[in-house]
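Remarks on the overall topology
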Amino acid sequence: MFRLVSFFSVLVLAVVVLGSSPDSAYANTCTFVGDGDWHTIGNWSGCGGILPQAADSVVIPTGSVVTMSGSSTITALTFNDAVAAANSLALTGNTLTVSGATTYTATTGAAGSSIAVGTGTFSTDTLVISDGAAAGNMVLSVSTGTITVTGDVSGTWTDAAQVQFTSTGDSDMNFGGHFPSGATLDGTGGRITFNSADAQNIGAYTTYNNVTKSGAGTATLLGATTFGGTLTLTAGTIATNTQTFTVTGASSITGTITFSTGVKTFTGNVTLNSGAVWDGSIGAGTYTIGGDWTNNATTFTASTGLHTFNGATTKTIGGTTATIIPSVTIVTGNHSVDASSTLTVATALTVTGAGITLTNNGAITATASLTGTGGIINGATGTLTIGDDVVDITVFTATAAGNTVVYNLAGAQTVRDGTTSTYSNLTLSGSGTKTLTAATIIGQTLSIAPTGTATATLVGNANTANKLKLAGSTKTSGTWGSTGSTLPAAHTNNTYFLVGATGSIDVAHSGTSTVTVTTDPSSSSSSSSSSSSSSSDDEDEEETTSATTEVTCPTGSAYHTVTGKKCTKFTSSNTPNGNAYAFGQYTVKLGTKGEACKAWQMFLNDKANAGLVTDGWCGKLSIAAAKAWQVSKGLTADGLLGPVSRAKALAQ
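Per an unreviewed UniProt entry, the chain goes by Peptidoglycan binding-like domain-containing protein and derives from Candidatus Nomurabacteria bacterium GW2011_GWF2_40_12.

1. Structural notes on the overall build of the chain
Assigned secondary structure in the chain consists of four helices and 58 strands. In the chain, which comprises 652 residues, the proportion classed as buried is 47%. Here the analysis covers contacts within the chain between residues at least 6 apart in sequence; of these, 36% occur between residues at least 24 apart. Surface summary for the chain: the accessible area is close to 26,500 Å², and the carbon and sulfur share equals 56%.

2. Section: the state of the cysteines
Tallied over the full model, the rule gives two disulfides. Between the sulfur atoms of C597 and its disulfide partner C618 the distance amounts to 2.2 Å. An S-S torsion of about 115 degrees defines the bridge between C597 and C618 as right-handed. Of this pair, C597 sits in helix α2 (residues 595-608) while C618 sits in the loop between α2 and α3 (620-632), placing them 21 residues apart in sequence.

3. Observations concerning unusual backbone geometry
Of the consecutive residues L487 and P488, the connecting peptide bond is found in the cis state with omega at -15 degrees. Along the chain, P488 turns up in the loop between β52 (478-481) and β53 (491-492). We note that N241 has phi near 50 degrees; this positive angle belongs to a residue other than glycine. Assignment of secondary structure puts N241 in the loop between β24 (237-239) and β25 (245-247). Even without glycine at this site, N609 takes up a positive phi of about 50 degrees.

4. Considering the packing of aromatic side chains
Scanning all chains against the criterion turns up 31 aromatic pairs. A ring pair is formed by Y407 and Y423, whose centres lie 6.5 Å apart and whose planes are at 70 degrees; its orientation type is edge-to-face. Separated by 16 residues along the polypeptide, Y407 in strand β44 (residues 404-407) and Y423 in the loop between β45 (413-415) and β46 (425-430) bring together distant segments of the chain. Assigned by exposure class, Y407 and Y423 land together as buried. When the centroid spacing of 5.5 Å and the interplanar angle of 85 degrees are considered together, the rings of Y581 and F603 count as edge-to-face. Taken together, the residues span a long stretch of sequence, with Y581 in the loop between β58 (569-571) and α2 and F603 in helix α2 at a distance of 22 residues. Considered together, Y581 and F603 belong to a single accessibility category, that of buried residues. Residue placement shows K593 over the ring face of W617; its charged tip is 4.4 Å from the ring centre.

5. Let's talk about the pairing of strand β20 (residues 210-213)
Here four bridges tie strand β18 (residues 191-194) to β20, and the two strands are oriented parallel to one another. Its bridge partner being in β20, F194 is matched across the sheet by K213. Alignment of β20 against strand β23 (residues 231-233), held across three bridges, turns out to be parallel. Looking at β23, one finds that T212 is bridged to T232.

6. Things to note about the confidence of the model for the chain
Averaged over all residues, the pLDDT of the chain is 86; the fraction at 70 or higher stands at 85%. Note that pLDDT drops below 50 for residues 1-25; the model gives that stretch six contacts with residues more than four away or on any other chain. Taken together, the stretch residues 572-578 has pLDDT below 50 and engages in 14 contacts with residues farther than four places along the chain or on a different chain.

7. Brief notes about the pattern of salt bridges
The full count for this structure, using the stated rule, is two salt bridges. Residues R191 and D170 are paired through a salt bridge, measuring 2.5 Å at the closest nitrogen-oxygen approach. Of this pair, R191 sits in strand β18 while D170 sits in the loop between β15 (163-167) and β16 (172-175), and the two are 21 residues apart along the sequence. With a relative accessible area of 47%, D170 lands in the partly exposed category. For the salt bridge of R191 with D172, the shortest nitrogen-to-oxygen distance reads 2.9 Å. Within this pair, whereas R191 is found in strand β18, its partner D172 is found in strand β16, the two being separated by 19 residues in sequence. The network of salt bridges with common partners includes D170, D172 and R191.

8. Some words on the side chain of N378
Relative to the assigned elements, N378 resides in strand β41 (residues 369-378). In this structure the side chain of N378 is engaged in a polar contact, spanning 2.8 Å, whose partner is the side chain of N360. Within the structure, N378 has its side chain in polar contact with the side chain of N403 (distance 2.8 Å). When near neighbours in sequence (up to four residues on either side) are disregarded, N378 contacts N360, T383, L384, T397, A398, A400, N403, T404 and V405.

Cut-offs applied
- Residues numbered from 1 in each chain as written.
- Predicted model: local features only at pLDDT ≥ 70, side-chain atom pairs only at ≥ 80, totals over all residues.
- Heavy atoms only, no water.
- Helix = DSSP H or I, 4+ residues; strand = E, 2+ residues; numbered from the N terminus.
- Buried < 20%, exposed > 50% of the residue type's maximum accessible area, 1.4 Å probe, protein only.
- Contact = heavy atoms within 4.5 Å.
- Areas by Shrake-Rupley, 256 points an atom, 1.4 Å probe, with all protein chains shown as cover.
- Disulfide = S-S within 2.5 Å.
- Phe/Tyr/Trp six-rings, centres within 6.5 Å; stacked < 30°, edge-to-face > 60°.
- Lys NZ or Arg CZ within 6 Å of the ring centre and 35° of its normal.
- Pairing = 2+ DSSP bridges.
- pLDDT = per-residue confidence, 0-100.
- Salt bridge = Lys/Arg side-chain N within 4 Å of Asp/Glu carboxyl O.
- Polar contact = N/O pair within 3.5 Å; in protein donor to acceptor, adjacent residues only side chain to side chain.

Below, the structure is given as structure tokens:
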């Protein structure tokens, strides 16, 4: 009796263990029968009377048309040779996960095999497709769903038309391994992500749409490749090597992209983010950039090949990382360099085409030639550095207040003709002679040799500058040149002005200095006396001085009425007027700075209650007050303190 009970106990236990869970420890090979729904138990053979489980392999035989009404997880999926009748699987919005391989068996007939992911989700570890020798098509398609192949896509492909990867909508395809060339890829509307942490290949297709590279590995182009949408490189490396490579949409680079020879075309905007590495150090590839260029890369190394910017509309060259390129051509549209950006061109900067311009609001350095039938415009915040001996570009504009043009060749240079180009700030550095060939107007500062040993060669006497700096030191106003100047120049310097040059330059304003004189200011021939003139620049002027002489004034007078110089000795004579202001002997006008202007402001405050700030800088308020005073005295209201107004003021 005991033995009988024990036997039945073991039997019951066995039944419970074997039938307690559909996820049987024993893997089955489940073969679909006929056509119909994956989730109908009666449509399967070899499954043990249940639906395929996670440990099972599934076979779709010749001629079976399978649809899914739910989701499923299996170990392997195989499409048998379709022979005369196609076999297919449609997910119809559901999820199918294959933890192992999905295999399309090579067809021997005209029919083919297909997985229609549609709006669903299909994932597999590896994908093996072999097209065979017959005409049957092997198709993996998706509309707005997702396809993920964790490992490699592989197989024997003899006819590209027979192996098809198709996206008909806003879908995602993810490849974690190699994706070979040789199939037909229709990426319209979709995104393909290459996300391996190891090396992987990107098949040679010109029909990709949006492409993303993530993962730490290197993805290598296998041939001519076009991304018809966007390129997003978030991590790892894309190696373009010698392949022809085109991105039609915008490119956003945070990982590494490497180049060799070949043609590289970026039709849309290119943004190199912080962390990006752009490496063109191997080979002389050629590049075309049609959109905005923003370079914030961690490392930027350009190819030695030509870089052409050809955006049809106004485009920007920007970013905080210096864009250093040997050869640049602007051929279409107008381009501008941002205020915080740097473009350095080592070999040739060319702007070609009537009406085509490059506007510089940042820093452009044309180390060698600056040429072309187009134009370059130096904006108010721009610094343009020219390293060629001659500027050979059709339109050259540097008039915007505040901009600076620097000629810095280690050798002789010809400054762009001043009859057609007015400068705001002009700097002559480097070495050798820099020739101003015509009447050059410098609205702000001419700086000669702030560094280096450059020398200015002046041609003609119609050159003008608001201020002059020699070796960084601001000089006094007046005419300047060498001892060879035919004017002759009031101030000569043979170190910074070529001795053999006969021209001169007229400098309008001075900086802060102390100037001494050699004659008594009461004499009609006196030209200067000990005084100080102030300006906001607070820099040194002309350093050549002579012995100081006394300025004799009547007791109680502070300034001499003719020179405007401060009195150092007092007499009881009746001239000059004891109430005299330091007007000096030169005209005070809009923009005048120094003691004469300050005295004029003091007078207008004392005699006309003008309420001016006595800062020694005659601006619009000072001139307006002067005009009002002149009207009150029956004088011409021109705002100038000339001989008539000075005499009237000193008599008041």
